[in-house]
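What the coordinates show
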Amino acid sequence: MSECIFCKIAKGEIPAEMVYENDQVLAFRDLNPQAPVHILVIPRRHIATLNDLDEGDADLMGRLYLAAKRIAADEGIAESGYRTVINCNAGAGQTVFHVHLHLLGGRPMGWPPG
Ligand code: 5GP
Ligand code: ZN
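Every value quoted in this text rests on a predicted model; they were computed, and no experiment measured them.

1. Structural notes on the nonpolar core
Grouped together as the largest cluster of nonpolar side chains are 19 residues, with contacts concentrated most on Val25, Ile39, Val41, Leu64, Ile71, Leu101 and Leu103. Mapped by element, the contributors of at least two residues to this core are β2 (25-29), β3 (37-43), α2 (58-75) and β5 (101-105). In terms of residues, this core owes the most to one element, α2, which gives 7 residues. When residues no more than four places from it in sequence are discounted, the contact partners of Leu64 are Val25, Val41, Ile42, Pro43, Val99 and Leu101. If you look at the next biggest cluster of nonpolar residues, it comprises 9 residues, including Phe6, Leu26, Leu40 and Val96.

Next comes the structure, spelled out in structure tokens:
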């Protein structure tokens, strides 16, 4: 996926402010933050949307959430609260077609989301 911006970040070809990395997952600050803490947690491997997951990705997706939990604690928002969001396809607001979990916190969150 040579044109994918998040694959390029994963390969270090585009800079990003990394906050967490392991062999399968990385996390970096969103370029256009929507909250005081806004971090994107992504799989290193290119998967375009949630619709493209298969059974073999179950562990990987769990690892995204475990990374989010750890980062929330590191960022000091675990107790105050945070939101995790994965947008799937354009109608839900997905603009980068490499699966990413938004971790948002540091301010009150409205419900329902827009
Ligand atoms: P989506 O709308 O697809 O759910 O979220 C994409 C997110 O990626 C947006 O919040 C946007 O600000 C962020 N983003 C897009 N391009 C870049 C980039 O090059 N670097 C970083 N750090 N974030 C990006
Ligand atoms: Zn990609």
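2. Some thoughts on the coordination of the zinc ion (ligand 2)
Binding of the zinc ion (ligand 2) to the protein goes through Cys4 (SG), Cys7 (SG), His46 (ND1) and His98 (ND1), at separations of 2.0 to 2.3 Å. Every donor counted, the 4 donor atoms about the zinc ion (ligand 2) form angles of 106 to 118° at the centre, which fits tetrahedral coordination. For His98, a relative accessible area of 0% puts it in the buried group.

3. Some details on the site of ligand 1
In the region of ligand 1, 16 residues are neighbours, and Arg29, Asp30, Gly93, Thr95 and His102 sit closest. Side-chain polar atom of Asp30 to an oxygen atom of ligand 1: 2.5 Å apart, as the coordinates give it. In this structure, Thr95 approaches ligand 1 through a main-chain N or O atom, which is 2.6 Å from an oxygen atom. With 3 residues, helix α1 (residues 5-10) is the single largest residue contributor to the shell around ligand 1. Taken together, the residues of the shell around ligand 1 sort by class into 7 nonpolar, 7 polar and 2 charged.

Reading the values: the criteria
Residues numbered from 1 in each chain as written. Chains lettered and ligands numbered in written order. Predicted model: local features only at pLDDT ≥ 70, side-chain atom pairs only at ≥ 80, totals over all residues. Heavy atoms only, no water. Core = buried A, V, L, I, M, F, W, Y, C linked by side-chain atoms within 4.5 Å. Buried < 20%, exposed > 50% of the residue type's maximum accessible area, 1.4 Å probe, protein only. Helix = DSSP H or I, 4+ residues; strand = E, 2+ residues; numbered from the N terminus. Contact = heavy atoms within 4.5 Å. Donors = N, O, S within 2.8 Å, 3.2 Å for Na, K, Ca; no water. Tetrahedral: all angles 85-135°; square planar, octahedral: opposite > 155°, others 65-115°. Near = heavy atom within 4 Å. Polar contact = N/O pair within 3.5 Å; in protein donor to acceptor, adjacent residues only side chain to side chain. Nonpolar A, V, L, I, M, F, W, Y, C, P; charged D, E, K, R; others polar.

Read these as geometric descriptors, not functional statements.
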